[in-house]
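Residue-level structure breakdown
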Amino acid sequence: MSPTGDWDFAWDMALVQCESLLLYCAVSAVFMGSALHKLIRNKVKIEHACVCGLLSLLIVALVCFYLLSRSIGLTIFILSCITYYISIPVRDLLPTKDKAVLITGCDSGLGHALAKHLDELGVLVFASVLDKKGQGAEELRRICSSRLSIIQLDVTDSEQIKAACSEIKGRLQGLWGIVHNAGVIGYIADGELLPISLYKQCMDVNFFGAAHVTKTFLPLLRKAKGRLICISSMAGHVPIPRLAAYAASKAALTMYCAVMRQDLIKWGVKVAAVHPSGFKTNIYDSHENLSSQNRNILDSLMPDVKEDYGEEYLETFKDLHHEMFATSSSDLTPVLEDVCHALLARNPHFSYTPGRFAHFIPCLFRNFPLWVYDHFAKKIFQIHRNILPRSLQLSQTKNWRS
């Protein structure tokens, strides 16, 4: 073949490649525009948008472009794009009429806001509180519609749980939803320093209370083929320093929720766990109560433990609650939207992660070396304090001198 013929052949091949590239770009542009519109319209979050699917599409495009003929490659790529588009979840919500939902922990914070929000949507809300005459209960009576009912319910009190169930059973044939929101965080400090009573308190409220309420109300929930929603925490599936008691109880709740999802499938009951990151709620105790807890913890420590940690290190925990509260988000909308989706969507997700870093941090923990997670955890949770326990300071000083 002459040089001119070689040049013409190369030029023709280049034109074919350019045409193929333009076709792939056109298909990609149409797909991305359509997919983005559907994602935004249905308020699909990044964790539910199947990022792995997008990466797979990219690999498919490269394989089709470089290894297959234009007609076969484009056909496979277009079919892959259509498959992904169809898989994007649609925000299809059920009507709220005749939907009754029990929410625990409505005195303040998230439960209080959720009771108001669901009442506005037309849901028949049973807002359980620790004090029916308290400020939170009075505000719900004043602001919400006559549909909302205030229920006296301490999730650690078996008699109150039975009484609440009897009260609701007397008014309904079935209960559409239970939202386990009641929770305590206890005191933030190194796990060794926390008294066993605090571990028990967190487990009693955050886990055993939810399990007890679920067991008691499940016959009503099964009749309605309803929804069981557990408000867990990001701390329930990733380790967050100085939250040993709280994190252990939320991890138990998360796994309980996962198992109940499997157990209740046959009954038509759908289960979801919500893992929020930091939000400003009343789970963070008052300054007076924290000071009292701090004194109690100091008094309960063994002399050798107190000596190893030192007064200076122990005093640093006083302000940790307020620092966490200050860096938390005051906008509860992401959590409210996720809970409503879990309650009312025809096809709810099992896991929701509302809030800043709520999806990123678990991905970091599961998919990267632990030292990477530990490094980011220090930055994100602001736990990189310069003060070490007293015995470690002394050991460090000796090492420097030697």
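Heads up: the structure comes first, above all this text.
Residues numbered from 1 in each chain as written. Predicted model: local features only at pLDDT ≥ 70, side-chain atom pairs only at ≥ 80, totals over all residues. Heavy atoms only, no water.

It is at 11 Å that the axes of helix H4 (residues 109-120) and helix H5 (residues 135-143) come closest, and there the two elements cross at 15 degrees. Between H4 and H5, the angle is such that the two are roughly parallel. By crossing handedness, the relation of H4 to H5 is classed as right-handed. Residues His112, Ala115 and Lys116 of H4 lie in contact with H5, whose contacting residues are Gly136, Glu139, Leu140 and Ile143. Considered class by class, the residues forming the contact of H4 with H5 number 3 nonpolar, 2 polar and 2 charged. (Axes fitted to C-alpha atoms, helices over the stretch in contact; angles between N-to-C directions. Helix = DSSP H or I, 4+ residues; strand = E, 2+ residues; numbered from the N terminus. Parallel < 35°, antiparallel > 145°, perpendicular 65-115°, else oblique. Left-handed = near helix turned anticlockwise from the far one by under 90°. Contact = heavy atoms within 4.5 Å. Nonpolar A, V, L, I, M, F, W, Y, C, P; charged D, E, K, R; others polar.)

This part is about the pairing of strand S2 (residues 124-129). In terms of burial, S2 is largely enclosed, as 5 of its 6 residues are buried. Two strands pair when backbone bridges link them, and strand S1 (residues 100-103) and S2 are joined in this way by 4 bridges, in the parallel orientation. Following the sheet pairing, Ala100 is matched in S2 by Leu124. Crossover connection from S1 via H4 to parallel S2: handedness right-handed. Here S2 pairs with strand S3 (residues 149-152) via 4 bridges, running parallel. Bridge assignment links Ser128 to a residue of S3, and that residue is Ile151. (Buried < 20%, exposed > 50% of the residue type's maximum accessible area, 1.4 Å probe, protein only. Pairing = 2+ DSSP bridges. Right-handed = clockwise from strand over helix to strand, strands pointing away.)

This part is about the packing of aromatic side chains. Enumeration according to the criterion identifies 7 aromatic pairs in this entry. Aromatic pair Phe31 and Tyr84: ring centres 5.7 Å apart, planes at 75 degrees, arrangement edge-to-face. One end of the pair, Phe31, is in helix H1 (residues 3-41); the other, Tyr84, is in helix H3 (residues 70-87), with 53 residues separating them in the sequence. Of the two residues examined, Phe31 and Tyr84, each falls in the buried class. A ring pair is formed by Tyr309 and Tyr313, whose centres lie 5.6 Å apart and whose planes are at 35 degrees; its orientation type is tilted. The class of Tyr309 is buried, set by a relative accessible area of 11%. In textbook terms, an aromatic cluster arises when at least three aromatic residues are bridged by ring pairs, as seen for Phe207, Phe208 and Tyr256. Lying over the aromatic face of Trp267, Arg222 brings its terminal NZ or CZ to 4.4 Å of the ring centre. (Phe/Tyr/Trp six-rings, centres within 6.5 Å; stacked < 30°, edge-to-face > 60°. Lys NZ or Arg CZ within 6 Å of the ring centre and 35° of its normal.)

For the rest of this paragraph, the subject is unusual backbone geometry. The backbone of Asp98 shows a phi angle near 65 degrees, a positive value even though the residue is not glycine. Counting through the fold element by element, Asp98 comes out in the loop between H3 and S1. Residue Asp98 is classed as exposed on the basis of its relative accessible area, which comes to 72%. Not every positive phi belongs to a glycine, and Lys225 is a case in point at roughly 50 degrees. Among the structural elements, Lys225 can be located in the loop between helix H7 (196-224) and strand S5 (227-231).

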